[in-house]
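# Chain and residue survey
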Amino acid sequence: MKILVCISKTPDTTAKIAFTDNNTKFAQDNVQWIINPYDEWYALVRAIELKEKDPSTVLHLINVGGADAEPVIRKALALGGDEAIRVNTTSTDSFYIASQIAEVARQGNYDLIFTGKETIDFNGSSIGGMVAELLDMPYVSLAIKFELNGTTATITREIEGGEEICEVNLPVVVSCQKGMAEQRIPNMKGIMGARTKPLKVLEPVAADTLTTVSSFGLPPAKAGVKLIPAENAADLVRLLHEEAKII
Amino acid sequence: MVLVFIDQADGHVKKASYEVLSYGAKVAEQLGTTAEGVVLGAVPADQLAALGKYGVKKIHHVANDALNHFDAQVFTKVIAQVAQAAGSKVIIFSNNVDGKAIAPRLAARLRAGLVPGAVALPETANGFMVKKNVFSGKAFATYTINSDIKIISLNPNSYQVTEGSGTAEVAPFNATVDAPKVKIKAVNKASGEVPLSEAEVVVSGGRGLKGPDNWALIENLAHALGAATACSRPVADEHWRPHHEHVGQTGLTIAPNLYIAVGISGAIQHLAGVNRSKVIVVINKDPEAPFFKAADYGIVGDAFEVIPKITEAVKKLKGMA
Ligand SMILES: Cc1cc2nc3c(=O)[nH]c(=O)nc-3n(C[C@H](O)[C@H](O)[C@H](O)COP(=O)(O)OP(=O)(O)OC[C@H]3O[C@@H](n4cnc5c(N)ncnc54)[C@H](O)[C@@H]3O)c2cc1C
């Protein structure tokens, strides 16, 4: 059994969002970088649990990013996993990135590929689907539960207004979200061990760049809150009806 | 030609599809071309013809039984066949659950640049640029698509549905349909409730409600408003409410017309999931709660006293009391 978990580096959830260079670049000063929460809490931890259940499982992590992603990759290795692969590129195009992951996955013959549901910076939710298509594998998105029985996976995924339970034979690509696993804190042994785990750096293969980011912007600020005294709570309903005209 | 994927469930066209049809028709107009739709699985033909009122001329209908259950891999191959046969240059999805599963697959298959989570019409005067949400709603980015075929996934509730008149021609399409590899074993849907991602009004509760037993407060107000219910992360973590109600940076991102937050402090991670709502109402007993800064209307007060009054007033307004 071989599992590949895709790990992305994102700004901390409380990071100040600002842009430089004429609104073409994210302002990185004083930003703390973390493992994308969906990748860490759900994809990686669930994969670690599967390896704990079956210690013969090989668990690899992959990041497509620059050398500045390595502290975040080491953090992920501190939680678990045998080794990590970094494909050395700073591309932001999802097809280019997915092509790199698909290439590594093809070489490594993985049975299971996990991604997070999306990254909290670009909110693409695209990499898993693209990798699956490039490898011609089934794709189960927005998974909230994953159980493995031999080579058959039983996966619960989100649908509008509920959930769907499905069954699929490996190999499969799964995008993971809340429910898959519980967040873990790395322990001292994990942190020490992560330093000596292999972190291979590969150069990217040729692939098309289909999109580029031209500029960023911030939403306009809110006008300010209109406060209604608690005694006149019913007045809120009148305002929503007459002024905001939404009920 | 602009091709719009019409998402359906159990033979009913989803609400999100009206929005993407209206959007697709406008994109086609902008490009000086026509918009067509594609629907997979069994849907009554009259329902499909009626979609003409959103501006599509023709609907390609692939009514194969294997398509009544969703499998992203199978759906992608079928849509690719329709897109190629019809010569589609722009393909539009809703960035809903199904769209998130198919659009990236189709993008990889057709080598088409994808902008997921678009929030506005593309700018086509000079290249092809699409605005999308980034940083979980805290910012937006304008993407340029460089490929010949372009795919846009529109965030739900980002574009005004426009209804005109007219019917669409429904053209059966004969596609090669693979057997699905993903087998659906069970579907658990809360019947009668409004799905959170499609809801126009959402009433959301936080830790300020003290415990799961107090949720009748939220549910009664939601019921009176015809709203869906949501919650903050700790509420889902403590299993007061199901996980699918969790909104925020690590939960669902929603953009209803009205979001009513009750007993939620308004942490930055919570705001990230709801700050695209058109109107935000905050009810919190702490005047310093950060949520008030993001709100349009606010009441500083005890939810247990304030909410029943609001529920009564809504019922009166709607003639329910
Ligand atoms: C990486 C990361 C990701 C996260 N992702 C999310 C996410 O996706 N979604 C999310 O919601 N959170 C998320 N969080 C957690 C977030 O930081 C907050 O802790 C959480 O949103 C707080 O939930 P709350 O407002 O319900 O509870 P609290 O912060 O405990 O606030 C309760 C509020 O209720 C008010 N209150 C109490 N009693 C009453 C009463 N009787 N009447 C009226 N008001 C009352 C209080 O004044 C207070 O403001 C994340 C955190 C991290 C670190």
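Since the model is a prediction, treat every value here as computed from it, not as a measurement.

### What to know about the environment of Lys57(B)
Residues and elements named next belong to chain B. Considering the arrangement of structural elements, one finds Lys-57 in the loop between helix H2 (45–49) and strand E5 (58–62). Taking relative accessible area as the criterion, Lys-57 reaches 54% and is therefore assigned exposed. The contacts of Lys-57, once residues within four sequence positions are left out, are Thr-34, Ala-35, Ala-168 and Glu-169.

### A short note on the domain arrangement of chain B
Residue and element names in this part refer to chain B. Splitting chain B by domain gives domain 1 (2–172) and domain 2 (196–317). With centres defined by C-alpha atoms, the gap from domain 1 to domain 2 works out at 31 Å. Counting residues at the interface gives 12 residues for domain 1, matched by 12 residues for domain 2. Buried area between domain 1 and domain 2, both sides added, is near 940 Å², and the carbon and sulfur share of it is 35%.

### Focus: the site of the ligand
Of all residues adjacent to the ligand, which total 28 residues, the nearest are Ser232(B), Thr250(B), Ser265(B), Gln269(B) and Asn284(B). At the site occupied by the ligand, the surrounding residues belong to chains A and B. Separating an oxygen atom of the ligand from a side-chain N or O atom of His246(B) is a distance of 2.9 Å. Separating an oxygen atom of the ligand from a side-chain N or O atom of Gln269(B) is a distance of 2.7 Å. Relative to its unbound accessible area of 980 Å², the ligand is 81% covered by the protein chains. Where the shell around the ligand is concerned, the elements lending two or more residues are helix H6 (233–237), helix H7 (268–274) and helix H8 (303–317) of chain B.

### Let's talk about the interface of chain B and chain A
On the side of chain A, 78 residues touch chain B, which itself brings 85 residues to the contact. Among the residues chain B hides against chain A, the three largest losses belong to Arg105(B), Phe135(B) and Tyr297(B). Together they make up 11% of the total. A salt bridge links Glu167(A) to Lys185(B), with the shortest nitrogen-to-oxygen separation between them at 3.8 Å. Put simply, chain B and chain A have 37 residue pairs in polar contact (both at pLDDT 80 or more) between them. The dominant element in the side of chain B that touches chain A, judged by the number of residues it contributes, is helix H4 (residues 97–110) of chain B, at 9 residues.

### Details of the state of the cysteines
All names here are of chain A. All chains considered together, the criterion is met by 0 disulfides over all chains. No disulfide involves Cys-166; its sulfur sits 12 Å from the nearest other cysteine sulfur, which is in Cys-176. According to the relative accessible area criterion, Cys-176 is buried, its value standing at 0%.

### Details of the layout of surface pockets
Residues and elements named next belong to chain A. Of the volumes computed, that of the largest pocket is approximately 1100 Å³. Looking at the largest pocket, it is lined by 48 residues, and the ones nearest its centre are Ser-91, Thr-92, Ile-97, Asp-121 and Phe-122. Residue classes in the lining of the largest pocket are distributed as 19 nonpolar, 21 polar and 8 charged.

### Observations concerning empty space enclosed by the protein
All names here are of chain B. For the structure on display, the rule yields 4 cavities of 30 Å³ or more. Volume-wise, the largest cavity comes out at about 380 Å³. Residue lining of the largest cavity: 30 residues in total, with Asn-95, Lys-100, Asn-155, Pro-156 and Thr-253 positioned closest to the centre. Every element with two or more residues in the lining of the largest cavity is listed here: H4, strand E7 (113–118) and strand E8 (129–134). In terms of residue class, the lining of the largest cavity is built from 10 nonpolar, 13 polar and 7 charged.

### Details of helix H6 (residues 234–242) of chain A
Residues spaced three or four apart along an α-helix point in a common direction, a consequence of the helix completing one turn every 3.6 residues. Those residues of H6(A) not exposed but buried are Leu236(A), Val237(A), Leu239(A) and Leu240(A). The buried residues of H6(A) all sit within an arc of 165° when viewed along its axis, so they share a single face. Considering only its buried residues, H6(A) is in contact with strand E15 (226–227) of chain A together with strand E15 (258–262), strand E16 (279–284), strand E17 (297–300) and H8 of chain B.

### Considering the sheet that holds strand E13 (residues 201–205) of chain B
Reading across from one edge, E15(A)-E17(B)-E16(B)-E15(B)-E13(B)-E14(B) is the order of the 6 strands in this open sheet, with parallel pairing throughout. Strands at the two margins of the open sheet, each flanked by one partner only, are E15 of chain A together with strand E14 (228–231) of chain B. Its contacts with the sheet put H6(A) on E15 of chain A together with E15, E16 and E17 of chain B, and the angle it makes with E17(B) is roughly 180°. Here H8(B) sits on the sheet and contacts E15, E16 and E17 of chain B; the angle it forms with E16(B), its principal contact strand, is near 135°.

### Focus: the pattern of salt bridges
Counted according to the given criterion, the structure contains 31 salt bridges over all chains. One salt bridge connects Lys89(B) with Asp148(B), and the closest N-O pair in it is separated by 3.0 Å. A residue pair is termed long-range when its members are at least 10 positions apart, and Lys89(B) in the loop between helix H3 (72–86) and strand E6 (90–94) and Asp148(B) in the loop between strand E9 (139–145) and strand E10 (150–154) qualify at 59 residues. Using a relative accessible area of 39% as the deciding quantity, one classes Lys89(B) as partly exposed. Taken together, the salt bridges that share partners define one network made up of Arg157(A), Glu160(A), Glu164(A), Asp7(B), Lys14(B) and Asp98(B).

### Quick notes on the nonpolar core
Grouped together as the largest cluster of nonpolar side chains are 55 residues, with contacts concentrated most on Ile113(A), Ile91(B), Phe93(B) and Ile151(B). Of all the elements, H3(B) adds the most residues to this core, at 8 residues. The contacts of Ile151(B), once residues within four sequence positions are left out, are Ile91(B), Phe93(B), Ala103(B), Leu106(B), Ala107(B), Ala112(B), Gly113(B), Leu114(B), Val115(B) and Ile145(B). In terms of nonpolar packing, the next biggest core, distinct from the first, is built from 41 residues, Val5(A), Ile35(A), Val172(A) and Cys176(A) among them.

Reading the values: the criteria
Residues numbered from 1 in each chain as written. Chains lettered and ligands numbered in written order. Predicted model: local features only at pLDDT ≥ 70, side-chain atom pairs only at ≥ 80, totals over all residues. Heavy atoms only, no water. Helix = DSSP H or I, 4+ residues; strand = E, 2+ residues; numbered from the N terminus. Buried < 20%, exposed > 50% of the residue type's maximum accessible area, 1.4 Å probe, protein only. Contact = heavy atoms within 4.5 Å. Domains from an automatic or database assignment. Buried area = accessible area lost by both parts, 1.4 Å probe. Near = heavy atom within 4 Å. Polar contact = N/O pair within 3.5 Å; in protein donor to acceptor, adjacent residues only side chain to side chain. Areas by Shrake-Rupley, 256 points an atom, 1.4 Å probe, with all protein chains shown as cover. Salt bridge = Lys/Arg side-chain N within 4 Å of Asp/Glu carboxyl O. Disulfide = S-S within 2.5 Å. 1 Å grid on protein atoms, 1.4 Å probe; cavity = no way out; pocket = protein on both sides within 12 Å on 5 of 7 lines; lining within 4 Å. Points joined across faces, edges and corners; volume = space filled by probe spheres on them. Nonpolar A, V, L, I, M, F, W, Y, C, P; charged D, E, K, R; others polar. Arc of directions from axis to C-beta. Pairing = 2+ DSSP bridges. Axes fitted to C-alpha atoms, helices over the stretch in contact; angles between N-to-C directions. Core = buried A, V, L, I, M, F, W, Y, C linked by side-chain atoms within 4.5 Å.

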